[in-house]
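Read off the chains here:
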Amino acid sequence: MNDTFMKTRPVFPLLLSMALPNVISMLVNSLYNIVDSLFVAQISEQAMTALSLVFPIQNFVNAVAIGFGIGINAQIALYLGAGDHENANRAATHGMMFSLLHGVLGMVLCIAIMPGFLRRFTTDPTLVDMGVIFFSDDREKEKKGAGIYVSNTLLAMQKFAAWYRSKLPVRIIGITGSVGKTTTKEMIAAVLETKYRTVKTYKNLNSQIGVALMMFELDEDTELAVIEMGISMPGEMDRLVEMVKPECAVLTNIGVSHIGNLGSRENICKEKGKIVSYLPDGGTLFASGNGDVRQLVETQVPSTRCKGNYKVSYYGTESGCEYFADEMSANEDGQSFVYHDSEGKEKVLLSVMGTHNVNNAVIAIAIGRKYGVPVKDAIKALKNYKPIAMRGVVHDINGIHVVDDTYNASPDSITSNLHALFDYPGNGRRIAVLADVLELGKDSGKLHEGIGQFIIEEQNKGRRLDYLFTVGKEAAHISDYVKAHSDIPVFSAESKDEVMNELETKLQKEDWVLVKGSRGMKMDEVVKRLIKE
């Protein structure tokens with residue numbers, strides 16, 4: 001009976017029934033691997049949904065293929081058991097042939113079918129070598145290259161950056177605030193670099209895109225990172241902090257930058273204060289303790305915002321701070337002060353001027369202390385610190401000293417720079433060239449008038465401007481206030497060229513000229529023209 005069954009049992013259909021499920025299995029495995037890669041990168045919820053569907057299908061097909069494989073091997077064993085070597089050999093030969101056909105057919109089907117699926121993930125081939133490319137424009141889908149098609153490129157990049165950062169044990173110091181972020185970042189990095197392999201935000205990559213890009217600058221060799229985190233709209237800090245997850249945070253100041261978008265200083269503090277959201281147990285928020293900033297932090301940044309048990313330490317130029325500076329003075333060598341903390345005091349000399357830079361240096365030393373950098377090493381690093389482009393760089397042009405602080409501006413940073421203008425050495429005249437501060441909303445006129453008021457207050461202290469030039473409609477509020485309350489010579493125009501033409505007729509050797517305004521006013525063009533002259 002067994003011999004008759006073996007002779008009449010069709011071999012070809014059995015082999016085909018084994019091979020076909022394996023071909024399907026290959027395709028499902030390929031699809032699963034693609035979807036799995038998207039899931040791991042956390043690109044979208046759709047990827048997670050697709051993965052949950054493909055995974056059980058993959059397991060089912062594999063189980064069927066294995067079952068048929070076992071069946072055909074059993075049939076071959078039965079042939080051999082019945083002594084029917086001819087049919088056993090034929091079954092084995094057919095099995096090898098169909099195994100080869102299985103592989104070839106699987107590859108053909110993958111080549112034929114998968115490109116249609118992968119076409120969703122293509123972009124400009126010139127970008128392939130740059131790494132992972134995200135795009136959302138349907139017109140890009142037909143281009144050749146490597147990329148991932150998503151509904152929101154910014155969100156995709158941020159999620160991918162957050163995933164990448166989560167794979168690294170890097171300890172990160174996050175820095176935010178209305179003013180002083182970039183210089184504070186540079187000084188802190190200068191101190192930490194004396195002991196650690198440190199990555200810092202490149203130039204001003206502190207935006208929603210910039211911070212994501214900076215995450216990919218980290219690697220296994222990075223010990224510490226100093227990341228600048230800038231915001232201008234509600235909700236932006238939530239996304240930044242999810243990527244960065246700092247263990248230590250710095251809040252430099254709460255001013256009026258972007259108040260037109262955020263509504264009030266209280267809202268600004270509340271939004272920037274979200275930087276503490278992921279601080280761990282033992283983490284620290286270092287916040288400015290100058291003026292009313294401490295009160296704002298205490299009321300707008302509740303400890304319940306963070307699950308971790310973190311500490312708040314205040315720094316500044318007021319003695320009530322845990323880390324503070326006093327005995328400030330300026331001379332031809334730079335700005336000096338005495339640094340104080342619980343372990344004592346040390347004299348510090350900076351090559352940059354201004355009380356705002358003293359504050360920046362204080363927090364740099366304090367952060368260094370937290371991470372084990374000796375105070376004397378931190379002081380040495382700060383003495384060698386030089387400002388980066390458009391952040392207080394002094395250009396000497398035919399005996400005229402031009403202070404280029406044109407990268408950006410706020411009312412607070414302008415008054416800080418005006419105060420520092422009188423600290424520079426020599427008896428040369430003091431000239432300010434100021435442009436509009438943007439994004440101040442409905443209170444813009446009042447806030448610009450406040451700058452004019454500061455100029456008058458400084459004059460009453462014996463720190464008098466020799467000339468004031470303003471560029472733009474909003475900055476005209478500064479010049480109008482100064483003209484109404486003093487005899488300081490003022491020239492105001494909407495055009496940079498008009499102001500430059502007038503300025504050039506007034507300049508003489510030994511003058512100190514401060515040039516400042518919002519980035520959108522492009523006041524660096526004034527500096528470039530002066531340098532060319």
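On a predicted model such as this, the values are computed, not experimentally measured, just so you know. (Residues numbered from 1 in each chain as written. Predicted model: local features only at pLDDT ≥ 70, side-chain atom pairs only at ≥ 80, totals over all residues. Heavy atoms only, no water.)

Engineer: Please clarify how the overall build of the protein chain should be interpreted in this entry.
Structural biologist: Counting its secondary structure elements, the protein chain contains 18 helices and 17 strands. Considering the protein chain as a whole, with its 533 residues, one finds that 50% of them fall into the buried category. In the protein chain, 69% of the contacts between residues at least 6 apart in sequence involve partners at least 24 apart. Roughly 25,300 Å² of accessible area belongs to the protein chain as shown, and the carbon and sulfur atoms make up 54% of that amount. (Helix = DSSP H or I, 4+ residues; strand = E, 2+ residues; numbered from the N terminus. Buried < 20%, exposed > 50% of the residue type's maximum accessible area, 1.4 Å probe, protein only. Contact = heavy atoms within 4.5 Å. Areas by Shrake-Rupley, 256 points an atom, 1.4 Å probe, with all protein chains shown as cover.)

Engineer: What is the right way to look at the packing of aromatic side chains in this model?
Structural biologist: How two aromatic rings sit relative to each other is given by the distance of their centres and the angle of their planes. What the rule picks out here adds up to seven aromatic pairs. Here F160 and W163 contribute two aromatic rings whose centre-to-centre distance is 5.6 Å and whose plane-to-plane angle is 5°, an arrangement assigned as stacked. With F160 and W163 both in helix α5 (residues 153–166), this residue pair falls three residues apart, about one helical turn. For the pair formed by F160 and W163, the shared burial category is buried. By way of ring pairs, the aromatic residues F160, W163, Y164 and F216 are connected into one cluster. Note that K245 overlies the ring of Y278, its terminal NZ or CZ placed 4.6 Å from the centroid. Residue placement shows K370 over the ring face of Y371; its charged tip is 5.9 Å from the ring centre. (Phe/Tyr/Trp six-rings, centres within 6.5 Å; stacked < 30°, edge-to-face > 60°. Lys NZ or Arg CZ within 6 Å of the ring centre and 35° of its normal.)

Engineer: Is there a simple way to explain the packing of helix α6 (residues 181–192) against helix α12 (residues 355–370) in this structure?
Structural biologist: For the pair α6 and α12, the least separation of the axes is 8 Å and the interaxial angle reads 35°. Both α6 and α12 take part in a crossing whose hand is right-handed. On the side of α6, the interface is formed by T183, T184, M187, I188, V191 and L192, while α12 contributes N357, N360, A361, I363, A364, I367 and G368. (Axes fitted to C-alpha atoms, helices over the stretch in contact; angles between N-to-C directions. Left-handed = near helix turned anticlockwise from the far one by under 90°.)

Engineer: Looking at this structure, I do not really get the sheet that holds strand β15 (residues 467–471). What am I missing?
Structural biologist: The strands making up a sheet associate through hydrogen bonds between their backbones, and the pairing can be parallel or antiparallel. Pairing in this open sheet of six strands is mixed, and the strands run β12-β13-β17-β14-β15-β16 from one edge to the other. Each of the sheet's edge strands pairs with one partner strand only, and the pair in question is β12 (393–397) and β16 (490–493). Taking the axes of each pair of neighbouring strands and ignoring which way they run, one obtains an average angle of 15° across the sheet. The pairing of β15 with β16 spans four bridges and is parallel. (Pairing = 2+ DSSP bridges.)

Engineer: Can you help me understand helix α8 (residues 236–244) in this one?
Structural biologist: For an α-helix the count is 3.6 residues per turn, leaving residues at separations of three or four pointing the same way. Turning to α8, its buried residues number three or more, namely E236, M237, L240, V241, M243 and V244. Buried residues of α8, seen end-on, are gathered within an arc of 155° and therefore sit on one face of the element. Here the buried face of α8 lies against α5, β3 (171–176), α7 (208–215), β5 (224–228) and α10 (265–272). Note on α8: the residue one or two positions beyond its end, K245, has a positive phi of about 45°. (Arc of directions from axis to C-beta.)

Engineer: Help me understand the sheet that holds β3 in this model?
Structural biologist: Strand order across the open sheet formed by nine strands is β4-β5-β3-β6-β7-β8-β9-β10-β11, with mixed pairing between neighbours. Either end of the sheet is taken by a strand with one partner, and the two such strands are β4 (198–200) and β11 (344–350). This sheet shows a mean twist of 15° between the axes of neighbouring strands, independent of strand direction. One ladder, built from two bridges, connects strand β8 (residues 311–316) with strand β9 (residues 323–331); its direction is parallel.

Engineer: Would you take a moment to explain the nonpolar core for this structure?
Structural biologist: Taken as a class, soluble globular proteins show a tendency for nonpolar side chains to be buried jointly. Among the nonpolar cores identified, the biggest contains 68 residues, and I227, L285, V297, L418, L434 and L468 are the most heavily contacted of them. The element that contributes the greatest number of residues to this core is α8, accounting for five residues. In this structure, I227 is in contact with I172, I173, G174, I175, T201, V211, M214, M215 and V244, ignoring residues within four places of it in sequence. Counting 36 residues, the second-largest nonpolar core is a separate cluster that includes I175, V191, L192 and L224. (Core = buried A, V, L, I, M, F, W, Y, C linked by side-chain atoms within 4.5 Å.)

Engineer: How do you make sense of the pairing of strand β6 (residues 248–251) when you look at a structure like this?
Structural biologist: The side chains of a regular strand alternate between both faces of the sheet. Here β6 shows a buried face lined by C248 and V250 and a second buried face lined by A249 and L251. Here β3 runs beside β6; their pairing, made up of four bridges, is parallel. Within the sheet, the bridge partner assigned to G174 lies in β6 and is A249. Strand direction decides the pairing type here: β6 and strand β7 (residues 284–288), joined by four bridges, are parallel. Bridge pairing in β7 links A249 to L285.

Engineer: How should unusual backbone geometry be read in this particular structure?
Structural biologist: Note: most residues except glycine have negative phi, and most peptide bonds are trans. Non-glycine residue H258 carries a positive phi angle of around 65°. Checked against the element boundaries, H258 lands in the loop between β6 and α9 (259–262). In this model, M390 sits at a positive phi of 65°, which is unusual for a non-glycine residue.

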